[in-house]
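# Overview (structure and organization)
Spelled out, the chains give:
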Amino acid sequence: MPLSRSLSMTSLSGVLPAWEEDELPVEDLLLFEVAWEVTNKVGGIYTVIQSKAKITVDEWGENFYMMGPYFEHNFKTQVEGCDPPNPAIRKAMDALIHNGCQVHFGRWLIEGSPYVILFDIGSAAWNLDRWKGDLWQTCNIGLPYHDREANDSLILGSLIAWFFKELTDNLGDKPNVIGHFHEWQAGPGLILSRSRKIPMATVFTTHATLLGRYLCAGNVDFYNNLDKFDIDKEAGDRQIYHRYCLERAAVHCAHVFTTVSQITAVEAKHMLHRKPDVVTPNGLNVKKFSAMHEFQNLHSTSKARIQEFVRGHFYGHLDFNLDKTLFFFIAGRYEFSNKGADIFLESLSRLNYLLRVHRNDMTVVVFLIMPAKTNNFNVESLKGQAVRKQLWDTAHAVKEKFGKRLYDALLKGQIPDMNTILDRDDFTIMKRAIYATQRHSLPPVTTHNVLDDSTDPILSNVRRIGLFNSRNDRVKIIFHPEFLSSTSPLLPMDYEDFVRGCNLGVFPSYYEPWGYTPGECSVMGIPSVTTNLSGFGCFMEEHVSDPAAYGIYIVDRRFRSPEESCNQLTQFMFTFCQQSRRQRIIQRNRTERLSDLLDWRYLGRFYIHARHLALSRAFPEKFKTDPMAPLKRITEPALHLTGPVPAAQRDLTQVGF
């Protein structure tokens, strides 16, 4: 499918094109956004709905509500309970509560503070068999008793459809209701609302097709065989046929079907047999710095903290120059093939060979941040940080004594004898500290004790490629099988601070409907590697004429063999290692300037258009839009991001690297 160049940034100044789009009469509308991850963090959809909340609240005010499942712990820690401001919503909630179902209302304590309506699934579970019968009679979809997630999604969907029925009965003709449903878990609510002919406009967004994720996890040549799969058989073989049916039914029931990227649109057309009406890319809340050098200073500060960890982890083997060390990382769910960890590790082996052959003085320390099952921290890793701290304390104590003696000598008008300014005890302390750093084993590859490490995919591949952090290796590996936290005794950094301190994020995903990780890198001014099979990679190819010049390296995994893709990734990383400090600073400045393109203030327009379209299809007599000419721009010419780097960006070699 050709990727149309629908939008682009107008110039290097980051000014985005204005749009001709009639504003919705939000005072006459109610918008409900339904997702399993409202106040309930499971995966990437949580980031989407949480980050998008502010611009939606800014547009809709108190006419915007989010809906999801109620979990007591999440409600107590994330939601401020209050009464609904709209009497019709209060009546609809009371109708469910008087029938024995618990419904909770409040403000979600995130940016924008949107209203949330949360349904207690446990309180309504006694209706499950009856609602299963309703679903079967409505659309011939049966749910097995052992699939708790599917059963819970049906309970949630039934409660939501019931709520919408009560609400629309109370409202009458005005205001009109829009329901936006995310992913298959919200699908039953949409299916039941439409089958009961509830007067509302519906939008369904798939962030990744169910079957696509399963097929790619099974190492199938997915994209070259999209039109050849027997969809029903593949879903049945993986025992997800009922889930697939819910997803497909929701897609075909919705007035408007959207997905998050062009590559997922191609996938959805074959897997779900409906072409998306609108592509709604995922954005971020971008906080711009008032001065360009501020984010460079943050990079320098965070990098210093990572260097401290590396000093401890590699104690006794710290024979490389930290000022000539680059930090690469990969992060995300532990989907070894889907996230591209397989091709990444193979490329690191080849990069190590190239750096050694070319006698490059750069060292690359690679972090793999992917949560796996562990039973505790690695003792050697903890010892390394203890040894580092002991050395620091020793050096500090000797420095204090040295400084005091030097100060006293200068007060007397003497130049101190450097041979006597430190006594024998000082030298003894320093020698003991040096002996404490001796190590007879190699620095550990992993920071934790990984369960089943003999079969762990990352550790198995590390053994295969032979990267064990030996002195001769120019590429060092640290597998951190846990998400980062500022309270960790090993690497006490939040993810955002860690990303800011790294030099390159590497995300060579095979299956990535969008991919927030490279987008987060771009917003923080950190170059990244992505692929043309990720939504983010496709988006950048579409909007930026030379992504590599702006720190976005796109590996071709769609039209090249795995061997060719691996060589391309290796070359990207080797070329990055050959950059000078000045070149890296300039590139980070250019990368950070792409952030406007990823801001919800810009990308939220796609959601506005989807709602316009849904209203025009649900209520054609009230709302009109031209579906053949979506997202028109004012006629000023749009240019791709090309051109020289402004002088203001070229003179920043003093502020970290």
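Since the model is a prediction, treat every value here as computed from it, not as a measurement. (Residues numbered from 1 in each chain as written. Predicted model: local features only at pLDDT ≥ 70, side-chain atom pairs only at ≥ 80, totals over all residues. Heavy atoms only, no water.)

### Details of the overall build of the protein
- The helix and strand inventory of the protein stands at 22 helices and 17 strands.
- Its C-alpha atoms give the protein a radius of gyration of 28 Å, within 12% of the compact-globule value 26 Å for 657 residues.
- In terms of its C-alpha atoms, the protein occupies a principal-axis envelope of roughly 95 × 55 × 55 Å.
- Within the protein, buried positions represent 58% of all 657 residues.
- Taking as baseline every contact in the protein between residues at least 6 positions apart, the subset at least 24 positions apart corresponds to 75%.
- Counting every atom, the protein has about 27900 Å² of accessible surface; 52% of that belongs to carbon and sulfur. (Helix = DSSP H or I, 4+ residues; strand = E, 2+ residues; numbered from the N terminus. Rg over C-alpha atoms; globule rule 2.2 N^0.38 Å. Buried < 20%, exposed > 50% of the residue type's maximum accessible area, 1.4 Å probe, protein only. Contact = heavy atoms within 4.5 Å. Areas by Shrake-Rupley, 256 points an atom, 1.4 Å probe, with all protein chains shown as cover.)

### Regarding the sheet that holds strand 10 (residues 325-331)
- The strand order 14-11-10-15-16-17 describes an open sheet built from six strands, whose pairing is parallel. With partners counted over all chains shown, the strands left at the sheet margins are strand 14 (475-480) and strand 17 (552-555), one partner each. This sheet shows a mean twist of 25 degrees between the axes of neighbouring strands, independent of strand direction.
- As paired elements, strand 15 (residues 504-506) and strand 16 (residues 528-531) share two bridges and run parallel to each other. Each bridged residue has a counterpart across the sheet, and for Gly505 the counterpart in strand 16 is Ser528. (Pairing = 2+ DSSP bridges. Axes fitted to C-alpha atoms, helices over the stretch in contact; angles between N-to-C directions.)

### Description of the packing of aromatic side chains
- Within the structure shown, the criterion is met by 30 aromatic pairs.
- Here the aromatic residues Phe32, Tyr65, Phe105, Tyr115, Phe119, Phe163, Phe164 and Phe181 are joined through ring pairs into a cluster of three or more.
- Above the ring of Tyr607, the side-chain terminus of Lys52 is found at 4.5 Å from the ring centroid.
- Directly above the ring of Tyr115 sits Arg107, whose terminal nitrogen or CZ lies 4.0 Å from the centroid. (Phe/Tyr/Trp six-rings, centres within 6.5 Å; stacked < 30°, edge-to-face > 60°. Lys NZ or Arg CZ within 6 Å of the ring centre and 35° of its normal.)

### What to know about the domain arrangement of the protein
- The domain architecture assigned to the protein consists of domain 1 (26-279) and domain 2 (301-378 + 444-598).
- Listed by partner, the interface residues are 24 residues for domain 1 and 16 residues for domain 2.
- Where domain 1 abuts domain 2, roughly 1500 Å² becomes buried across the two surfaces, and 55% of that area is made up of carbon and sulfur atoms.
- Interface area lost by domain 1 to domain 2 is led by Arg213, Tyr223 and Ile263, which between them contribute 39%.
- Taken together, the connections running from domain 1 to domain 2 amount to one salt bridge.
- One salt bridge connects Glu335 with Arg213, and the closest N-O pair in it is separated by 3.6 Å.
- The interface formed by domain 1 and domain 2 includes six residue pairs in polar contact (both at pLDDT 80 or more). (Domains from an automatic or database assignment. Buried area = accessible area lost by both parts, 1.4 Å probe. Salt bridge = Lys/Arg side-chain N within 4 Å of Asp/Glu carboxyl O. Polar contact = N/O pair within 3.5 Å; in protein donor to acceptor, adjacent residues only side chain to side chain.)

### Overview of the sheet that holds strand 9 (residues 278-279)
- With respect to topology, nine strands assemble into an open sheet ordered 3-4-5-2-1-6-7-8-9, the strand pairing being mixed. For this open sheet the edge positions go to strand 3 (79-81) and strand 9, each flanked by a neighbour on one side alone.
- Along the sheet, helix 5 (residues 148-171) makes contact with strand 1 (29-34), strand 2 (64-69), strand 5 (115-119) and strand 6 (176-182), crossing strand 6 at roughly 170 degrees.
- Its contacts with the sheet put helix 9 (residues 241-253) on strand 7 (201-206) and strand 8 (256-259), and the angle it makes with strand 7 is roughly 135 degrees.

### Some words on helix 15 (residues 457-465)
- Every buried residue of helix 15 is accounted for by Ile458, Leu459, Asn461, Val462 and Ile465. Angular distribution of buried residues about the axis of helix 15 spans 165 degrees; they occupy a single face of the element.
- Looking at the packing, one finds that the buried side of helix 15 touches helix 12 (341-357), strand 11 (363-369), strand 13 (448-450) and strand 14.
- At the N-terminal end of helix 15, a side-chain oxygen is found 3.2 Å from the backbone nitrogen of Ile458, two or three residues along, and the residue is Asp456. (Arc of directions from axis to C-beta.)

### Examining the nonpolar core
- Counting residues in each nonpolar core, the largest one holds 75 residues, and the members touching the most others are Phe32, Ile117, Phe119, Phe163, Phe164, Leu167 and Phe222.
- No other element matches the 12 residues that helix 5 contributes to this core.
- A domain split of this core shows at least three residues from each of domain 1 (26-279) and domain 2 (301-378 + 444-598).
- Excluding its chain neighbours within four sequence positions, the residues that come into contact with Phe222 are Gly212, Leu215, Cys216, Phe229, Glu267, Met271, Tyr510 and Tyr511.
- Ala331, Met370, Val555 and Cys566 belong to the second-largest nonpolar core, a separate cluster that totals 62 residues. (Core = buried A, V, L, I, M, F, W, Y, C linked by side-chain atoms within 4.5 Å.)

### Describing unusual backbone geometry
- Its identity is not glycine, yet His273 carries a phi of approximately 60 degrees, on the positive side.
- On the secondary structure map, His273 appears in the loop between helix 10 (262-271) and strand 9.
- Phi at Asn469 is positive, roughly 65 degrees, even though this residue is not glycine.
- Summarising the element assignment, Asn469 is placed in the loop between helix 15 and strand 14.

### Quick look at the pairing of strand 1
- Strand 1 sits mainly inside the fold: six of its six residues count as buried.
- Going residue by residue along strand 1, you find Leu29, Leu31 and Glu33 tucked away on one face and Leu30, Phe32 and Val34 tucked away on the opposite face as well.
- Here six bridges tie strand 1 to strand 6, and the two strands are oriented parallel to one another. Within strand 6, the position partnered with Glu33 by the bridge is His180.
- Summarising the sheet, strand 1 and strand 2 pair through four bridges and their orientation is parallel. Within strand 2, the residue paired with Val34 across the bridge is Met67.
- Where the polypeptide runs from strand 1 across helix 1 (residues 44-60) and back to strand 2, its parallel neighbour, the crossover connection is right-handed. (Right-handed = clockwise from strand over helix to strand, strands pointing away.)

### Topic: the pattern of salt bridges
- Enumeration over the complete set of coordinates arrives at 39 salt bridges.
- When the shortest N-O distance is used, the salt bridge between Arg350 and Glu346 registers 3.1 Å. A residue pair is termed a helical-turn pair when its members lie 3 or 4 positions apart in one helix, as Arg350 and Glu346 do in helix 12 at four residues. Per residue, the accessibility class of Arg350 equals that of Glu346, and both read buried.
- Two residues, Arg405 and Asp423, come together in a salt bridge whose shortest N-O distance is 3.1 Å. Residue Arg405 is found in helix 13 (residues 379-411), and its partner Asp423 is found in the loop between helix 13 and helix 14 (424-436); the two are separated by 18 residues along the sequence.
- The exposure class assigned to Arg405 is partly exposed, which follows from its relative accessible area of 29%.
- Overlapping salt bridges, with partners in common, bring together Glu346, Arg350, Arg464 and Glu563 in one network.

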